[in-house]
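An overview of the molecular structure
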Amino acid sequence: MGMDRLIDKIIEYKNPTVAGLDPKLAYVPEYIRKECFAKYSDPLEASAEALLCFNRALIDALYDIVPAIKPQAAYYEMYGWQGVRALTETIRYAKEKGMIVMTDGKRNDIGATMEAYATAHLGVTATDAGEVSAFDADMLTVNGYLGTDGITPLLNVCKERDRGIFVLVKTSNRSSGELQDKMIGSKRVYEVMGDMCEAWGADTIGKYGYSAVGAVVGATYPEQLTELREKLPHTFFLVPGYGAQGGGAKDVCGGFDKNGIGAIINSSRGIMCAYQKEGCDEADFAGAARREAIRMRDDIMNAIASR
Ligand SMILES: O=C(O)c1cc(=O)[nH]c(=O)n1[C@@H]1O[C@H](COP(=O)(O)O)[C@@H](O)[C@H]1O
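For every chain, the first residue of the written sequence is number 1, and numbering continues from 1 along that sequence. Local features in a predicted model are, by the rule used here, given only for residues with pLDDT of at least 70; side-chain atom pairs are given and counted only at 80 or more, and totals for whole chains, interfaces and linings are based on all residues.

The condition is simple: UniProt positions are given in the numbering used here, feature names are shortened, and annotations may be inferred rather than shown by experiment.
If you look the protein up in an unreviewed UniProt entry, it shows as Orotidine 5'-phosphate decarboxylase from Merdimmobilis hominis. One UniProt comment on the protein, placed under Catalytic activity (unreviewed entry), says "orotidine 5'-phosphate + H(+) = UMP + CO2". In its Sequence similarities (unreviewed entry) section, the UniProt record describing the protein reads: "Belongs to the OMP decarboxylase family. Type 2 subfamily."

Pasting the structure below:
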């Protein structure tokens, strides 16, 4: 219930981080791309195969130290149905390795359509030959802007299948304040959305005190992260913006509660492209990702310990 499965894994690995798998062809080492383009004549199929090889190697290098992956759907949709197949295979592979999968889809729609999104990503789809899971992720990022109608269908699936969601509350991007920092009465829009997360999650609270309804709060806004941690005691945070967007370990500390839980920090390009930054042989891309994941884990754990 709630975020328990994710938090169990974070505690087991002593690692509150998630590896974002947002693969672009340009991030995939050339030798993999060459092999895939020699094998498949359809450029989308060749690209999708390259992404999948890249992802599988990254998962192999990370699954015993990093609790979760966060594939961003856009990077797969960009390669058409073949890309979506690569997403499906990536999810399956990570789950086989025991990782928690947080699909980043930022989905939102009205009731019936949101039910379809919930079914697709977290639930089981009814077919004439019985129910089957389509993507089968553990968690999904969503936009709560359409209100309760858009969230209720997700809550039903979360309760039935022990899944979770992360609602956008204070996003990491530069212009997030244009709307999210506006006042509604005496509160900021992001505070109102945070309060809604607390209310939506109220009857899904798990053993660590966190509900199945988490919130996305960017590492690039450390003050708001600290403020929201205090105001939203039952809402677990997904914190993107570490690394490539400039967020550091000190910035994310405020997202953790007094027990050192309450948040998971994402890095996508920082981990996927570690080999480019390190300047090592591209054949060692997975090794470089692992070294960066360990560095990031230690960086954050040390910062939490010395608060
Ligand atoms: O929901 C998200 O994950 C998200 C929310 C947000 O406020 N900012 C943000 O960067 N993200 C996602 O987090 C990832 C960040 O990637 P890097 O900047 O490469 O680490 C991307 O997949 C973004 O889409």
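**Details of the UniProt feature "active site" (unreviewed entry) in the protein**
As a reminder, the rule being used: Going along the chain from the N terminus, every DSSP run of H or I of four or more residues is numbered as a helix, and every run of E of two or more is numbered as a strand. With C-beta atoms placed from the backbone, the exposure class of a residue follows from how many other C-beta atoms lie within 10 Å of its own: 20 or more, buried; 12 or fewer, exposed; in between, partly exposed. C-beta atoms are placed from the backbone for every residue, and two residues are taken to be in contact when these atoms lie within 7 Å.
The positions that UniProt labels "active site" (unreviewed entry) are, in the present scheme, Lys 106. By the secondary structure assignment, Lys 106 is in strand β3 (residues 100-107). We classify Lys 106 as partly exposed; it has 17 C-beta atoms within 10 Å. Look past the residues within four positions of Lys 106 in its chain and what remains in contact with it is Thr 141, Val 142, Asn 143 and Leu 168.

**Focus: the pairing of strand β10 (residues 213-217)**
This is how it is decided: Any two strands are treated as partners once DSSP identifies two or more bridges connecting them. Orient the strands so they point away from the viewer; a crossover is then right-handed if the path from the first strand over the helix to the second runs clockwise.
Burial analysis of β10 places 5 of its 5 residues in the buried class, the great majority of the element. Burial along β10 is two-sided: Val 213, Ala 215 and Val 217 facing one way and Gly 214 and Val 216 facing the other are all buried. Here 5 bridges tie strand β7 (residues 164-170) to β10, and the two strands are oriented parallel to one another. By the bridge assignment for β10, Val 167 is matched with Ala 215. As defined by bridge partners, β10 adjoins strand β11 (residues 237-239) across 2 bridges and the pair is classed as parallel. Counterpart to Ala 215 in the pairing with β11 is Phe 237. The β-α-β motif built from β10, the intervening helix α10 (residues 222-231) and the parallel element β11 has right-handed crossover chirality.

**Digging into the site of the ligand**
Note the following rule: For each residue, a C-beta atom is placed from the backbone, and the residue counts as near a molecule or strand when that atom lies within 6 Å of it. Residue polarity follows a fixed list, in which Ala, Val, Leu, Ile, Met, Phe, Trp, Tyr, Cys and Pro are nonpolar, Asp, Glu, Lys and Arg are charged, and the others, Gly among them, are polar.
Residues in contact with the ligand amount to 21 residues; listed here are only the nearest, Thr 171, Ser 172, Pro 240, Ser 268 and Arg 269. When contributions to the shell around the ligand are tallied by element, the ones reaching two or more residues are β3, β12 (263-267) and α12 (269-272). Class assignment for the residues of the shell around the ligand results in 3 nonpolar, 14 polar and 4 charged.

**Digging into the UniProt feature "domain: Orotidine 5'-phosphate decarboxylase" (unreviewed entry) in the protein**
Residues annotated by UniProt as "domain: Orotidine 5'-phosphate decarboxylase" (unreviewed entry) correspond here to residues 16-283. Helix and strand shares over residues 16-283 are 43% and 19% respectively, and the end C-alpha atoms of the span are 28 Å apart.

**Examining the confidence of the model for the protein**
Keep in mind that low pLDDT regions are not for reading the predicted coordinates in detail. Heads up, the rule is: Every residue gets a pLDDT, meaning the predictor's confidence in that residue, from 0 to 100.
For the protein, per-residue confidence averages 97 on the pLDDT scale, and residues scoring 70 or more make up 100% of the total. As a predicted assembly, this complex carries a pTM of 0.98 together with an ipTM value of 0.99.

**Side note on the nonpolar core**
So the rule is basically this: Core membership is restricted to buried Ala, Val, Leu, Ile, Met, Phe, Trp, Tyr and Cys residues, and these are joined into a nonpolar core through C-beta atoms within 7 Å.
Within the largest apolar cluster, 93 residues are counted, with the highest numbers of intra-cluster contacts made by Ala 68, Ile 165, Val 167, Val 169, Val 239 and Ala 289. Ignoring sequence-local partners within four residues, the contact set of Val 167 consists of Val 142, Gly 144, Met 193, Cys 197, Val 213, Ala 215 and Val 216.

**Let's talk about helix α6 (residues 111-121)**
Along α6, the residues that are buried comprise Met 114, Tyr 117, Ala 118, Thr 119 and His 121. In this fold, the buried residues of α6 make contact with β3, β4 (125-127), β6 (139-142) and α7 (148-161).

**A short note on unusual backbone geometry**
Residue Lys 14 is not a glycine yet carries a positive backbone phi of 50 degrees. Positive phi values are uncommon outside glycine, yet Asp 162 reaches one of about 55 degrees. Residue classification places Asp 162 among the partly exposed residues on the basis of 16 C-beta atoms within 10 Å.

**Regarding the packing of α6 against α7**
In a pair of packed helices, the angle between the axes and the distance between the axes together describe the arrangement. To keep it simple, the criterion reads: Inter-axis angles, ranging from 0 to 180 degrees, are taken between N-to-C directions of lines fitted to C-alpha atoms, where helices are fitted over the stretch in contact. With the far helix as reference, a near helix turned anticlockwise by less than a right angle produces a left-handed crossing, and one turned clockwise produces a right-handed crossing.
At a minimum axis separation of 8 Å, α6 and α7 run at an interaxial angle of 35 degrees. Remark: the crossing between α6 and α7 carries right-handed chirality. When α6 is examined against α7, the residues Gly 111, Met 114, Glu 115 and Ala 118 are found in contact with a partner set consisting of Asp 149, Gly 150, Pro 153, Leu 154 and Val 157. Residue composition of the contact of α6 with α7, grouped by class: 5 nonpolar, 2 polar and 2 charged.

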